[in-house]
Each structure stands twice: as C-alpha cells, then as structure tokens.
Amino acid sequence: MISLKSEKDLQMMREAGKILAKIMQELQKGITAGISTGEINRMAGDLIRREGVKSAFKGYRGFPGEICVSVNEEVVHGIPGERRLVEGDIISLDLGIEYKGYFSDTAITLPIGEVNPRTKKLIEVTKRSLLKGIRQARINNHLSDISYAIQNYTESQGFSVVRQFVGHGIGINLHEEPEIPNFGPPNQGPRLLSGMVLAIEPMINTGGWECETMDDGWTVVTKDRLPSAHFEHTVAITPYGPEILTS
Ligand code: MG
C-alpha cells in the first residue's frame with residue numbers, strides 16, 4: 001500500500017525538506033578540488049547536528065557515513081574516505097535526514113572545476129531528466145509516467161538509465177512503497193493520488209546502464225567505469241501539482 005500523507009504529515013515533511021535543502025546548499029559551498037570525501041562527510045555531519053536533525057543514512061544497514069559521496073564512475077552509495085577531489089571530477093552527494101520522525105531525501109551531482117563537455121552534458125541531462133519525471137508526478141497520472149518521462153528524455157540525449165536502483169516512496173520511513181523505476185513504458189502501475197510523497201532519483205550513465213558493487217559492499221560503479229550522475233528530490237503530489245519539498 002502506498003501511504004497517503006495527511007496535511008499535518010505534509011507540513012512536517014515540508015520542514016524536513018527545507019532543512020535538508022539548506023544543509024545541501026551549505027555543504028556545496030565547501031566543495032572544491034583538494035578536499036577529501038571524508039572531509040565532506042565531516043562537514044555534512046556538522047551541518048546535520050547544527051540543524052538538530054539526524055542522518056537517515058548513518059547506520060542504515062551498517063552504512064558508515066553521514067552522507068553518500070560518489071565520484072566519477074561511482075553511481076551511488078559511495079563511502080566517504082581518503083579520496084581527494086581533483087579538477088575534472090564530478091561528485092554526487094546523496095543525503096537523507098530524519099526530522100521529528102519524518103524523512104526527506106535529496107541528491108545532486110557537481111562538477112569540480114572544468115569537466116569535459118560530455119560529462120558536463122551528463123550532469124545537465126540528469127538534472128533535466130529529474131524535472132521531466134517530477135512534471136509527471138500529478139494526480140491521475142500512472143506511476144510509470146514518471147519512469148517513462150525520465151527514460152525517454154535521457155535516451156534521446158544519448159545517455160543510459162541505471163536499472164538496478166530506483167526511487168521510492170518516503171514519509172515516516174526513508175524507503176516506503178512504491179518503488180519508482182527510472183525506466184519503463186507509460187500508463188503502468190498505480191494511479192497517483194494527492195498525499196503521496198515520492199523520492200524521485202534518476203541515476204544516469206555516460207555509457208552502458210550496467211553497474212556492479214565494489215568489494216566494500218556499498219560503492220556501486222558503472223561496469224564500463226564511465227561517469228554517472230544522480231539527482232533526487234522529495235516530491236509531494238498535491239491538487240496544485242507536484243510540490244518539490246527539498247528545494
Ligand atoms: Mg533516495
């Protein structure tokens with residue numbers, strides 16, 4: 001069952017989304033060539049504590065970081081550590097927080113200095129694919145209209161959609177029903193209703209869509225080791241259309 005949030009729930013989730021957006025904005029300011037992913041993790045932890053919230057990822061099935069930090073060919077679930085960013089890298093930051101029992105989840109990919117044109121386009125296409133998906137998050141559409149919009153746009157731009165990982169419902173748990181693939185035909189799955197809240201998160205690859213998990217048990221990389229990008233927003237479906245909670 002996909003849970004429908006009450007107006008009170010939505011109000012709390014708006015607050016959870018705003019706080020997360022603020023943390024991510026602050027965090028981005030500190031990210032430059034030379035910094036290590038572990039230092040980004042410490043900065044994220046400081047911001048999370050300053051806001052009086054909790055990382056939803058730390059300790060999740062044993063995940064050691066406050067935040068997922070994935071560089072270049074790393075798709076998602078990168079563990080923060082010693083790796084230092086260099087000019088030309090791209091970095092995906094994925095963070096979920098818990099605020100008074102409510103969750104919000106967002107991700108962004110940033111270039112470090114000047115990156116090559118194809119990688120720059122990868123970032124732009126991934127960001128735009130998320131917006132295309134969000135635009136379909138409206139009452140009476142089918143769930144897979146979101147999926148189709150993301151895949152259709154992404155492939156038209158010459159990039160591929162990760163299959164192994166998908167978006168999800170969110171609310172009083174980090175991961176709720178339904179799963180939201182970023183691929184598939186339109187007009188499938190449940191109808192979207194007012195009060196559903198969805199974490200929509202396209203993961204888009206430069207080359208093939210295939211991924212594999214590294215020996216650390218977490219870090220997902222592209223099989224061809226070409227760069228991957230990831231954008232995510234927590235979105236409420238309302239009578240007035242999609243409402244992005246994490247911006
Ligand atoms: Mg998510």
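As a starting point, this report considers the structure included with it. (Residues numbered from 1 in each chain as written. Predicted model: local features only at pLDDT ≥ 70, side-chain atom pairs only at ≥ 80, totals over all residues. Heavy atoms only, no water.)

For strand β14 (residues 233-238), the tally of buried residues reaches six of six residues, placing the bulk of the element in the interior. Here β14 shows two buried faces, one formed by H233, V235 and I237 and the other by T234, A236 and T238. Relative to strand β15 (residues 241-244), β14 runs antiparallel, the two sharing four bridges. Its bridge partner being in β15, T238 is matched across the sheet by G241. (Buried < 20%, exposed > 50% of the residue type's maximum accessible area, 1.4 Å probe, protein only. Helix = DSSP H or I, 4+ residues; strand = E, 2+ residues; numbered from the N terminus. Pairing = 2+ DSSP bridges.)

Protein-derived coordination of the magnesium ion comes from D105 (OD), H168 (NE2), E201 (OE) and E232 (OE), at a distance range of 2.2 to 2.4 Å. Look at E201 and you get buried, because its relative accessible area is 7%. (Donors = N, O, S within 2.8 Å, 3.2 Å for Na, K, Ca; no water.)

Here the amide bond leading from E177 into P178 is cis, since omega sits at 0 degrees, within 30 degrees of zero. Within the secondary structure, P178 is located in strand β8 (residues 176-180). One non-glycine residue, R61, lies in positive phi territory at about 45 degrees. Positionally, R61 belongs in the loop between β1 (54-55) and β2 (68-71). In this structure, K100 is a non-glycine residue whose phi angle is positive, near 50 degrees. Residue position: K100 is located in the loop between β4 (90-99) and β5 (102-111).

By size, the foremost hydrophobic cluster in this structure holds 66 residues, and its most contacted members are L27, I31, I40, I91, L93, I146 and I200. The greatest single-element share of this core, amounting to nine residues, is contributed by helix α1 (residues 7-29). Leave out the neighbours within four places in its chain, and L27 touches I40, M43, A44, L47, I67 and L93. In this structure, F165, M203, C211 and V220 belong to the second largest nonpolar core, which totals seven residues. (Core = buried A, V, L, I, M, F, W, Y, C linked by side-chain atoms within 4.5 Å. Contact = heavy atoms within 4.5 Å.)

At a closest axis distance of 10 Å, the pairing of α1 and helix α2 (residues 37-50) adopts a crossing angle of 140 degrees. Note on packing geometry: the crossing formed by α1 with α2 is right-handed. Counting all contacts with α1, which are made through I23, E26 and L27, the residues of α2 involved are I40, M43, A44, L47 and I48. Classifying every residue of the contact of α1 with α2 by side-chain character gives seven nonpolar, no polar and one charged. (Axes fitted to C-alpha atoms, helices over the stretch in contact; angles between N-to-C directions. Left-handed = near helix turned anticlockwise from the far one by under 90°. Nonpolar A, V, L, I, M, F, W, Y, C, P; charged D, E, K, R; others polar.)

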